[in-house]
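# Structural description and commentary
What follows is the residue order along each chain.
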Amino acid sequence: MSPLDAPAREPPAAPVVAGPGLLSRVAGIVVSPVDTFGHISRDPRPVGMLVLVSLVSAAVTTAFFATETGRLAWLDTTLAQQESFGRTISDAQYAVMERIAGLLVYIVPAYTLVVGPLVSMVIAGLLKLGFAVIAGAEATFKQVLGVVAASGVILLLRAFFVLPINYAQESMRGASNLAVLLPMLQPDGFAASF
């Protein structure tokens with residue numbers, strides 16, 4: 001058999017290169033978001049990111065509300081918001097708010113661990129629907145959820161920045177408030193807090 005008669009060999013398959021792992025993705029979202037979100041759109045893996053973001057968020061906010069300063073900051077902010085809407089808080093209502101403040105250390109982690117992933121899924125579903133209808137995009141729900149879940153890393157960064165400021169100020173007002181940039185807004189009003 002001559003070399004010309006030999007069957008053609010197929011070129012070797014390119015090795016499959018695994019995308020970045022969970023912690024690499026977290027770091028990449030901050031330092032190299034374009035590349036990282038490109039990897040996420042090709043290989044979403046949203047569950048790990050949802051779990052990580054939810055657990056860290058629950059831990060950080062629970063740590064804040066486990067302190068007397070955190071509970072008083074919540075109480076102060078809630079009272080100021082109610083008053084900004086023109087409501088007068090009675091002594092009985094204030095006592096209920098104080099009881100709720102004492103339970104925040106239990107409420108916040110449960111809420112964060114349940115509602116956080118659910119909200120991410122709803123947002124992903126709405127975005128998928130919106131992009132499909134408006135732009136004809138064909139991304140899968142898993143891809144959109146992967147991007148939404150990864151975006152939660154930015155919210156975690158905000159928490160790591162804002163909660164120490166809130167603790168130092170002994171208030172949950174003002175650390176990320178439009179009234180800082182627009183002083184004509186009422187600091188505790190809806191527009192400033194939005």
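All residue numbers refer to position in the chain's written sequence, counted from 1. At least 70 in pLDDT is required for a residue's local features to be given in this predicted model, at least 80 for side-chain atom pairs to be given and counted, and no such filter applies to totals for whole chains, interfaces and linings, which use all residues. To get the side-chain values, take all heavy atoms of the structure and skip hydrogens and water.

A few words on helix H2 (residues 33-42). Only protein chains enter the accessibility calculation, which uses a 1.4 Å probe; a residue is then buried when its area is under 20% of its type maximum, exposed when over 50%, and partly exposed in between. Helix and strand definitions here come from DSSP, where helices need a minimum of 4 consecutive H or I residues and strands a minimum of 2 consecutive E residues; each element is numbered from the N-terminal end. Thr 36, Gly 38 and Ile 40 are the residues of H2 that are buried. On the buried face of H2, the contacting elements are helix H1 (22-31) and helix H6 (141-169). In what follows, a contact means two residues having at least one pair of non-hydrogen atoms within 4.5 Å.

Tracing the chain through its elements places Ser 120 in helix H5 (residues 91-135). Taking the relative accessible area as the measure of exposure, Ser 120 reaches 14% and is therefore buried.

Moving on, we get to the packing of helix H3 (residues 46-65) against H6. Axes are the key here: two packed helices are described by the angle between their axes and the distance separating the axes. Relative to each other, H3 and H6 sit at 15°, their axes nearing to 9 Å. The orientation of H3 with respect to H6, classified from their angle, is roughly parallel. As for how H3 packs across H6, the hand of that crossing is left-handed. Here the residues of the contact of H3 with H6 sort into 16 nonpolar, five polar and one charged. Axes here refer to lines fitted to C-alpha atoms; in helices the fit is confined to the stretch in contact. Angles between the N-to-C directions go from 0 to 180 degrees. Throughout this description, any angle smaller than 35 degrees is read as roughly parallel, any larger than 145 degrees as roughly antiparallel, any in the 65 to 115 degree range as roughly perpendicular, and the remainder as oblique. What makes a crossing left-handed is the near helix being turned counterclockwise from the far one by less than a right angle; a clockwise turn instead makes it right-handed. Three classes are used: nonpolar for Ala, Val, Leu, Ile, Met, Phe, Trp, Tyr, Cys and Pro, charged for Asp, Glu, Lys and Arg, and polar for all others, with Gly counted as polar.

As a per-residue quantity, pLDDT reports the predictor's confidence and falls between 0 and 100. Averaged over every residue, the pLDDT of the protein chain is 84; the share at 70 or more is 79%. Within the protein chain, the element-level pLDDT minimum falls on helix H7 (residues 178-181), averaging 56, and the maximum on H3, averaging 94.

Mapped onto the elements of the fold, Arg 71 is located in helix H4 (residues 68-84). Polar contact is defined as a pair of N or O atoms within 3.5 Å, subject to the rule that within protein one atom must be able to donate a hydrogen and the other to accept it, and that residues adjacent in sequence are counted only when both atoms are side-chain atoms. A polar contact is formed between the side chain of Arg 71 and the backbone oxygen of Ala 66, at a distance of 2.9 Å. Ignoring any residue separated from it by four or fewer positions in sequence, one finds Arg 71 in contact with Phe 65, Ala 66, Ala 101 and Gly 102.

Running from amino to carboxyl end, H3 crosses H5 at an angle of 155°, the nearest separation of the two axes being 9 Å. One way to sum up the angle between H3 and H5 is to call them roughly antiparallel. Crossing handedness for the pair H3 and H5: right-handed. Taken together, the residues of H5 that come into contact with H3 (itself represented by Leu 50, Ser 54, Leu 55, Ser 57, Ala 58, Thr 61, Thr 62 and Phe 65) are Leu 104, Val 105, Val 108, Pro 109, Thr 112, Leu 113, Pro 117 and Ser 120. Of the residues contributing to the contact of H3 with H5, the split by class is ten nonpolar, six polar and no charged.

A pairing counts as a salt bridge when a side-chain nitrogen of Lys or Arg comes within 4 Å of a carboxyl oxygen of Asp or Glu. Applying the stated rule across the entire model yields three salt bridges. One salt bridge in this structure joins Arg 25 and Asp 43, with 3.5 Å as the shortest N-O distance. Of this pair, Arg 25 sits in helix H1 while Asp 43 sits in the loop between H2 and H3, and the two are 18 residues apart along the sequence. Accessibility expressed as a relative area gives 4% for Arg 25, which makes it buried.

What follows deals with the packing of aromatic side chains. Only the six-membered ring of Trp is used, alongside the rings of Phe and Tyr, when aromatic pairs are assigned; centres must lie within 6.5 Å, and planes under 30 degrees apart are stacked while those over 60 apart are edge-to-face, with the rest tilted. Inspection of the entire model under this criterion finds one aromatic pair. The interplanar angle of 70° and the centroid separation of 5.1 Å between the aromatic rings of Phe 64 and Phe 65 together place this pair among those described as edge-to-face. The same class applies to Phe 64 and to Phe 65, which are both buried.

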